[in-house]
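Single-letter residue listing:
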Amino acid sequence: MKPVLRRPRMPRAPRRAVLTAAAGCLALLATACGGGDGGTSGAADGKPVTLTMWSWMVGTKDVVAKFNATHKDVQVEFTEITAGTDGYSKIDSAIDAGNAPDVVGMEYAMLPEFASQGNLEDLTEEAGELVGTFPESLRSLVTPGGRTWGVPFDVTPQLLYYRTDLFEKAGVAVPRTWAEFEKAAQKIKAADKSVRILNAPKGGDIPFINGLAWQVGSQGFGVQGDAWTVHLDDAPAREVAGYWDGLVRDDLVLNHPAWSEEESTARKKSQVASFIGAPWSGAGLISQLPEQKGKWAVAPLPTWDGTPATGTWGGTSFAVPKGSEHVDAATEFIEWLTTDPAAMQARLADAEAPSSVLPAGPELQKVAAAEFADVSDGYFANDLYEVAAAQVDSVVKGWTWGPVQGSVNEAFEGAVAGGGWTAGFEAAQRAALKALDDRGLKTSQD
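Here the structure is a predicted model, which means the values were calculated and not measured.

(A) Seen up close, the overall build of the protein chain. Broken down by element type, the protein chain carries 17 helices and 10 strands. Burial statistics for the protein chain: of 446 residues in total, 54% are counted as buried. Nonlocal contacts in the protein chain, meaning residues at least 24 apart in sequence, comprise 79% of its contacts between residues at least 6 apart. Summed over its atoms, the accessible surface of the protein chain is roughly 18300 Å², and 51% of this surface lies on carbon and sulfur atoms.

(B) Seen up close, the sheet that holds strand E8 (residues 274-277). Strands sit in the order E8-E5-E9 across an open sheet of three strands; the sheet is antiparallel. Each end of this open sheet is capped by a strand with a single partner; those strands are E8 and strand E9 (296-300). Along the sheet, successive strands turn relative to each other by an average axial angle of 25 degrees, direction set aside. Across five bridges, strand E5 (residues 159-163) lies against E9 in antiparallel orientation. Across the sheet, the residue bridging to Tyr-161 is Val-298, located in E9.

(C) Representation of the sheet that holds strand E2 (residues 74-80) in the model. Strands sit in the order E2-E1-E3-E10-E4 across an open sheet of five strands; the sheet is mixed. Each of the sheet's edge strands pairs with one partner strand only, and the pair in question is E2 and strand E4 (151-152).

(D) Seen up close, the side chain of Gln-292. For Gln-292, the location among the structural elements is in the loop between helix H12 (281-288) and E9. In this structure the side chain of Gln-292 is engaged in a polar contact, spanning 2.8 Å, whose partner is the side chain of Trp-296. Sequence-distant contacts of Gln-292, defined by excluding residues within four places in its chain, comprise Arg-163, Arg-267, Lys-268, Ser-270 and Tyr-379.

(E) How the structure looks around the environment of Glu-325. The residue Glu-325 is located in the loop between strand E10 (316-319) and helix H13 (327-339) in this model. The sequence separation of Glu-325 and Asp-102 amounts to 223 residues, and the corresponding C-alpha distance is 7.8 Å.

(F) Quick peek at unusual backbone geometry. Positive phi, normally seen in glycine, also occurs at Trp-259, with a value near 70 degrees. Secondary-structure assignment places Trp-259 in the loop between helix H10 (235-249) and helix H11 (261-268). Classification of Trp-259 by relative accessible area gives exposed; the value is 53%. Non-glycine residue Asp-377 carries a positive phi angle of around 50 degrees. Tracing the backbone through its elements, the reader meets Asp-377 in the loop between helix H15 (362-376) and helix H16 (384-390).

(G) Looking closely at the nonpolar core. Among the nonpolar cores identified, the biggest contains 128 residues, and Trp-244, Phe-333 and Trp-421 are the most heavily contacted of them. The leading source of residues in this core is helix H17 (residues 405-438), at nine residues. Trp-244 has contacts with Trp-178, Phe-181, Leu-198, Ala-200, Leu-212, Val-253, Ile-276 and Trp-421, leaving out every residue within four places of it along the chain.

Thresholds applied
- Residues numbered from 1 in each chain as written.
- Predicted model: local features only at pLDDT ≥ 70, side-chain atom pairs only at ≥ 80, totals over all residues.
- Heavy atoms only, no water.
- Helix = DSSP H or I, 4+ residues; strand = E, 2+ residues; numbered from the N terminus.
- Buried < 20%, exposed > 50% of the residue type's maximum accessible area, 1.4 Å probe, protein only.
- Contact = heavy atoms within 4.5 Å.
- Areas by Shrake-Rupley, 256 points an atom, 1.4 Å probe, with all protein chains shown as cover.
- Pairing = 2+ DSSP bridges.
- Axes fitted to C-alpha atoms, helices over the stretch in contact; angles between N-to-C directions.
- Polar contact = N/O pair within 3.5 Å; in protein donor to acceptor, adjacent residues only side chain to side chain.
- Core = buried A, V, L, I, M, F, W, Y, C linked by side-chain atoms within 4.5 Å.

Take a look at the structure:
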């Protein structure tokens, strides 16, 4: 990227005015919205541009070290932050205070919220062409409103991880449909009263539950004319919720919160025979349950009618917070992060903290697969990367994350814990409509 002259940094607009303008851009799918002021991309006066980066992602420290060792004009200072709500609150506070980092990791589910609040630089000019090289299902996650707000890093189709020994003991085959999954659940319970096929979480990770609704065609959010639409409690979502609430009611699955000590203990004690995860979940098994090496395998997620289909769980893009004075240099660094084999090799090189991330780009997937094969050393009975990569094209199109995901997750969490998944989707619908109204964003229910 060629350097451009640095233009004066403009004062931050009042937060409400920025929110309204950005949200209008997203809702109307406009072809032009305000973007960044460029900044510099290379060394000035013989001194390198110094970027700051915040992320929680495994291996980022090593990636930054590799970049700094191989680049002279741009250097990066890395700070590790916690994942989830605390990390996003830290980013948001820094943007408000005018001292945000130049690059942040931003989950796909949260990117529309930050963009709609005017908290991200519009990277259409700097990175739009790059984003255009990724699969459409990924492009749509970083281009709400038709503008580019981030660059995809990984792709996260939901997968079924299963214990080959526990399946064999119960005499069940890997289920291809959810009907077969329920029958397998019955047989596993009958074979050993202390074992269940899976833990259906009562809260703890709402995007996981959203992914299962996504698989069957739920839409999440949408745009109609100049207004947002909310489909969190649509017919496909209710179908999914009813199925899982039924499994809980019939005691065919456990019902611990996701990421809880109870869930971890059940997995460690071989009390669950499978779990739904994403490609990145594989590395966690290696780190947390090394004694179960050779007992796990991975398969496509069961579907409702046998046709390949999946939603996603998690996934990260890289974005530039509003106010960065080095947008061009930040974009140059992001392009290296998401396309250069050296970046992927550095991220996956730590055997003590392995990563099984599935990169968005097919070429980097090959690099990641080779690196992970060395680290995993036969932990899985089959090839995690081969199975995961084959599911990318089956990610169902049409899901849209909305600009009020934080409020949705909070409402969903409380309702699921107290009343199951059906109650969760109902509460999420109400919370989304209220949060949109509270922000002055127009809604339309079709």
